[in-house]
Amino acid sequence: MQIQRNAAILLSRQPLRPSGADAWVKQTRNAILWVKANSLVLHSSIGMQTWELITALASSEGIPLTLLIPAPTEEEYREMRRVVLEQFHLDKENVTFRALLPDKGEVYDKHKFMQERDRLIVRNADVLLPLSIRPDGQMSRLLAEGRDEGKPIIGSWKVEYEAREESLGYTIRDEHLTDEIRSCGDEYLVHWTRGSNGPWPTEDAIDYYLAIVRSKSYPRSGLDTLCSIVEKRKIVASSRNMPEHTPTVSFSCLPPRELVPLITWRARRRLMSFEPYGIGLEREYASKLGIQPVRYYNRDSDRPSDVPVWLTQSSGVKSDWRQEREYRYKGDFDFSAIPKDRLVCFTRTRDQAAQLQAATGIRTIGFTA
C-alpha cells in the first residue's frame, strides 16, 4: 500500500494521570516512530492531554506538524501559538499552524470547538492511525466516517480502550496516624504540596509529557512534587488566588494532625484540596527569614492597611480560610542555605518517609504506617 502524505493518530479521552506503563502511551510512541520512518506530516493539536502527548512526541522526534488551534479570538490564537512554540520546543520551520475561530457574531463554545477540531483533523488527514478508541465516542464516529470516505486506516498499534476505574481521591483516618504525627504540634511552618494534573510551574509542557512516556507510574504525584522541591532546594512562588496577583509561597503552622480533615478530593477541580506531603522549617527560625503570618479580615470589613496587601486574606464565605493558619513569603523561597537539621518533610506513608530521609538526609515523618 502506498502511504499518503498526512497522518493523524487517533485517541479517545484517556485517564487523567497516565504513565509510560499504559498501553496507549506505549503505542502512541510506536505510532510516532512509524510516522517519522515514513516521512509523514502529522496533524495534531493542544488543549487535550492526548493531542498534547502526540504533539510533544512529534516535536522530540523532529516530525513535521500541522497544528490546529481552537481559540475564541484572533488575538488569543496568536498568543496560544507563541506559547505552544515555547512550551513544546517546536521548530518554526517544521510546524504549520491553523486557527479554528468563531465566525463573525458566533459565540465561542469550547466543547463544540474541541469536537470540531477533532473532526477537521480526521478530515484533513490522508491516513488514520487509531490507537485507543472508545466504542461509542466521538472519535469512534469520526473513524467510521473516515473509513466510509475510503481513507487508509492502519490499526497496527490499536489497543483496547480502558476507562479509568480507580479513584484518585483518598482520605486518611485519624486512627491510622503514626505516633510521630500525633506528637507534632505547631513548632513547624510547613509548605504543603500535592500532585499535579499537568506540568509543574518549573517545567515546559514537552518535559512533562516526555516524563510520562519514560515513567513506570504517573510522574507528578504529591510525592514526586515534594521530591522535586527538595532536589531543587526551592519552592517556586505562585500568584494564583493571591492579593494583587503577588507571587508568594504559602506555609501553615497548623499541626499536621489537624490537616487530616482537609485532605479531601475536589471533584470539580479533579485535585486533592490538600495532600500529606510537605516541607517545613522550625517556626522560630522561619521568622528570621521573612516568612510572616497572614492577617485575616471579614469580607464586609476593610482590608488591613498596616500590613502589605500580599499578607492579607479574606476569612471567606463558604470556607473559613483562617483554619489554615497561613504564613507567606514573597517570591520564590530558596532554602539551599538552611541547615538540614532545621528542616522537616512529611509524606503519606512511613515507607515513603524512610526512603526520602535516606535520600536527602532531612528528617521525614510519615502520616500513616
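Every value quoted in this text rests on a predicted model; they were computed, and no experiment measured them.

K.L.:
Would you explain the overall build of the protein chain in this entry?
P.N.:
Along the protein chain, the regular secondary structure elements total 11 helices and 18 strands. Referenced to the eigenvectors of the C-alpha coordinate spread, the extents of the protein chain come out at roughly 70 × 50 × 35 Å. Looking at the protein chain as a whole, 50% of its 369 residues are labelled buried. Once local pairs closer than 6 in sequence are excluded, the contacts in the protein chain between residues at least 24 apart make up 70%. Of the charged side chains in the protein chain, 53 are positive and 50 negative; the average position of the first set lies 1 Å away from that of the second.

K.L.:
Explain the packing of helix H4 (residues 110-124) against helix H5 (residues 138-148) to me, please; I cannot follow it from the model alone.
P.N.:
Helices that pack against each other are described as a pair by the angle of their axes relative to one another and the distance between those axes. In contact at an axis separation of 10 Å, H4 and H5 are set at 25° when each is read in the N-to-C sense. The pairing of H4 with H5 is recorded here as roughly parallel in orientation. In this structure, the crossing between H4 and H5 has a hand that is right-handed. Note on element contacts: H5 touches H4 through Gln 138, Met 139 and Leu 142, opposite Gln 115, Asp 118, Arg 119 and Val 122. Here the residues of the contact of H4 with H5 sort into three nonpolar, two polar and two charged.

K.L.:
I tried to follow the side chain of Ser 45 on my own but got confused; where do I start?
P.N.:
Here Ser 45 is to be found in strand S2 (residues 41-45). Judged by relative accessible area, Ser 45 falls into the buried class, the value being 0%. Looking at Ser 45, its side chain comes within polar contact range of the main-chain oxygen of Leu 68, at 2.5 Å. Within the structure, Ser 45 has its side chain in polar contact with the side chain of Arg 117 (distance 3.1 Å). Filtering out sequence-adjacent residues up to four positions away, Ser 45 remains in contact with Trp 51, Glu 52, Thr 55, Leu 67, Leu 68, Pro 70, Arg 117 and Ile 121.

K.L.:
Would you mind showing me how to read the state of the cysteines here?
P.N.:
In a disulfide, the sulfur atoms of two cysteines are covalently bonded to one another. Applying the stated criterion to the full structure yields zero disulfides. Summary of cysteine pairing: Cys 253 is not part of a disulfide, and the nearest cysteine sulfur, belonging to Cys 184, is at 13 Å. We classify Cys 253 as buried; its relative accessible area is 3%.

Cut-off values and rules
Residues numbered from 1 in each chain as written. Predicted model: local features only at pLDDT ≥ 70, side-chain atom pairs only at ≥ 80, totals over all residues. Heavy atoms only, no water. Helix = DSSP H or I, 4+ residues; strand = E, 2+ residues; numbered from the N terminus. Buried < 20%, exposed > 50% of the residue type's maximum accessible area, 1.4 Å probe, protein only. Contact = heavy atoms within 4.5 Å. Lys, Arg positive; Asp, Glu negative; His and termini not counted. Charge placed at Lys NZ, Arg CZ, Asp CG, Glu CD. Axes fitted to C-alpha atoms, helices over the stretch in contact; angles between N-to-C directions. Parallel < 35°, antiparallel > 145°, perpendicular 65-115°, else oblique. Left-handed = near helix turned anticlockwise from the far one by under 90°. Nonpolar A, V, L, I, M, F, W, Y, C, P; charged D, E, K, R; others polar. Polar contact = N/O pair within 3.5 Å; in protein donor to acceptor, adjacent residues only side chain to side chain. Disulfide = S-S within 2.5 Å.

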